[in-house]
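# Chain and residue survey
Next come the chains, spelled out residue by residue.
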Amino acid sequence: MPSKLGPRRLTLLASALTLASAALALPGAPASADTAPGSIDFSARHQRIDGFGVSQAFQRAAVIHGLKGLSAKKGDEIVKLLFSREDGAGLSMLRLGVGSSTDEVYDHMRTIAPNAPASPDDPLTYTWDGKDGGQVWLAKEARKYGVKRFIADAWSAPAYMKDNNSDLNGGTLCGVVGTDCATGDWRTAYGKYLAQYVKFYKREGIRVTDLNFTNEPDWKASYASMLFTPAQAADAVKAIGPVLRAEAPGIKSGLREEGPGRAQQLE
């Protein structure tokens, strides 16, 4: 049931609307002569919004938890401002970053399987510190405020699973159409990798509800990133989907922010 908006949240909403109105009034391109006045019917329903959320990946959650010297009191205040329905924004989702880096340099997300097996068919060796760059702590804090939707999002597979042998600068998952990797087809192994991430969070008492195997697959970023064409993404799902259905049943999986169409659910 939607919570009643208190005076503070109404003030924040009013401020946001005021800023939006001011932005619309800023000088810009002149209106054309045939521009007609419009109206908005707020009672009409067009699209369901599941909620609003935040991401504190890339060790941002650890910063809130004191990595750079922030006090516990200030960290708690930030969490309250993010998730409290009475004294904050009342966000209902938390986006988790699935790591791919072998180091713990600030701004990197550490992989849970840093060492490459001899082949894609050999089992992965996992490591888990129970922190995940501060995200486990933040997920538990968010849950105290009623957050139930936790979206795990992978920016990249581990380097040894990709055709550029790096978790940075794009590259593609070995095994999808259009790749030719000497190490073989890593699609199924990547599915198991993602499923294990979900299992680790379950061990911590957090149920990951959504899982995305890539982020912005049409953009080659200098940091953790992985490229897919639509055909390659569909090919990846053929292997990743069955693994997730078997090892992480009930989870929603897909890809995020894939260009003009943005988020899509594939499974």
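As shown above, the structure is provided for reference.
Cut-offs and rules
Residues numbered from 1 in each chain as written. Predicted model: local features only at pLDDT ≥ 70, side-chain atom pairs only at ≥ 80, totals over all residues. Heavy atoms only, no water. Helix = DSSP H or I, 4+ residues; strand = E, 2+ residues; numbered from the N terminus. Buried < 20%, exposed > 50% of the residue type's maximum accessible area, 1.4 Å probe, protein only. Contact = heavy atoms within 4.5 Å. Areas by Shrake-Rupley, 256 points an atom, 1.4 Å probe, with all protein chains shown as cover. Core = buried A, V, L, I, M, F, W, Y, C linked by side-chain atoms within 4.5 Å. Phe/Tyr/Trp six-rings, centres within 6.5 Å; stacked < 30°, edge-to-face > 60°. Axes fitted to C-alpha atoms, helices over the stretch in contact; angles between N-to-C directions. Parallel < 35°, antiparallel > 145°, perpendicular 65-115°, else oblique. Left-handed = near helix turned anticlockwise from the far one by under 90°. Nonpolar A, V, L, I, M, F, W, Y, C, P; charged D, E, K, R; others polar. Lys, Arg positive; Asp, Glu negative; His and termini not counted. Salt bridge = Lys/Arg side-chain N within 4 Å of Asp/Glu carboxyl O.

### Observations regarding the overall build of the protein chain
Counting its regular elements, the protein chain contains six helices and six strands. Along the chain direction, N to C, the helices and strands of the protein chain fall in the order α-β-α-α-β-α-β-α-β-α-β-β. Counting all 267 residues of the protein chain, 42% fall into the buried class. A separation of at least 24 residues holds for 69% of the contacts in the protein chain among residues at least 6 apart in sequence. When the accessible surface of the protein chain is totalled, it reaches about 15,300 Å², and 55% of it is carbon and sulfur.

### Some points on the nonpolar core
In summary, soluble globular proteins display a tendency toward joint burial of nonpolar side chains. Core analysis: the largest hydrophobic core is formed by 53 residues, its most contacted members being F83, M161, L173, Y190, Y193, L194 and F213. Sorting the residues of this core by element identifies α2 (60-64), α3 (72-83), β2 (93-98), α4 (135-144), β3 (149-154), α5 (187-203), β4 (210-215) and α6 (230-247) as the ones contributing at least two each. With nine residues, the top contributor of residues to this core is α5. With residues near it in sequence (within four places) discarded, L194 still touches V98, A154, L211, F213, I240 and L244.

### A few points about the packing of aromatic side chains
Summed over the entire model, instances satisfying the criterion amount to 11 aromatic pairs. Ring geometry for Y190 versus Y193: centroids 6.2 Å apart, planes at 25 degrees, classification stacked. Placement of the pair is Y190 and Y193 together in helix α5, with a separation of three residues, close to one helical turn. Each member of the pair Y190 and Y193 is classed as buried.

### Some points on the packing of α5 against α6
The interhelical angle for the contact between α5 and α6, taken along N-to-C directions, is 40 degrees, at an axis separation of 8 Å. Classed by the angle they form, the pair α5 and α6 counts as oblique. Pair α5 / α6 crosses with right-handed handedness. The segment α5 lies against α6, with R187, T188, Y190, G191, K192, L194, A195 and K199 engaging D235, A236, K238, A239, I240, V243, L244 and E247. A breakdown of the residues in the contact of α5 with α6 according to their chemical character gives eight nonpolar, two polar and six charged.

### Structural notes on the side chain of D167
Tracing the chain through its elements places D167 in the loop between β3 and α5. No salt bridge is formed by the buried D167; the nearest opposite charge belongs to K162, separated by 6.4 Å. Apart from the residues within four sequence positions on either side, D167 is in contact with S100, S101, S156, A157, A159, K162, Y223, A224 and S225.

### Points about unusual backbone geometry
At N165, a position not held by glycine, the phi torsion is positive, near 55 degrees. For N165, the location among the structural elements is in the loop between β3 and α5. Take N165: its relative accessible area is 59%, and that puts it in the exposed class. Positive phi, close to 45 degrees, is recorded for E216, a residue that is not glycine. If you trace the backbone, E216 turns up in the loop between β4 and α6.

### Looking at α4
Extensive coverage of α4 is indicated by the burial of seven of its 10 residues. Listed as buried for α4 are Q135, V136, W137, L138, A139, E141 and A142. On its buried face, α4 is in contact with α2, α3, β2, β3 and α5. A positive backbone phi angle near 95 degrees is found at G146, which sits one or two residues after α4.

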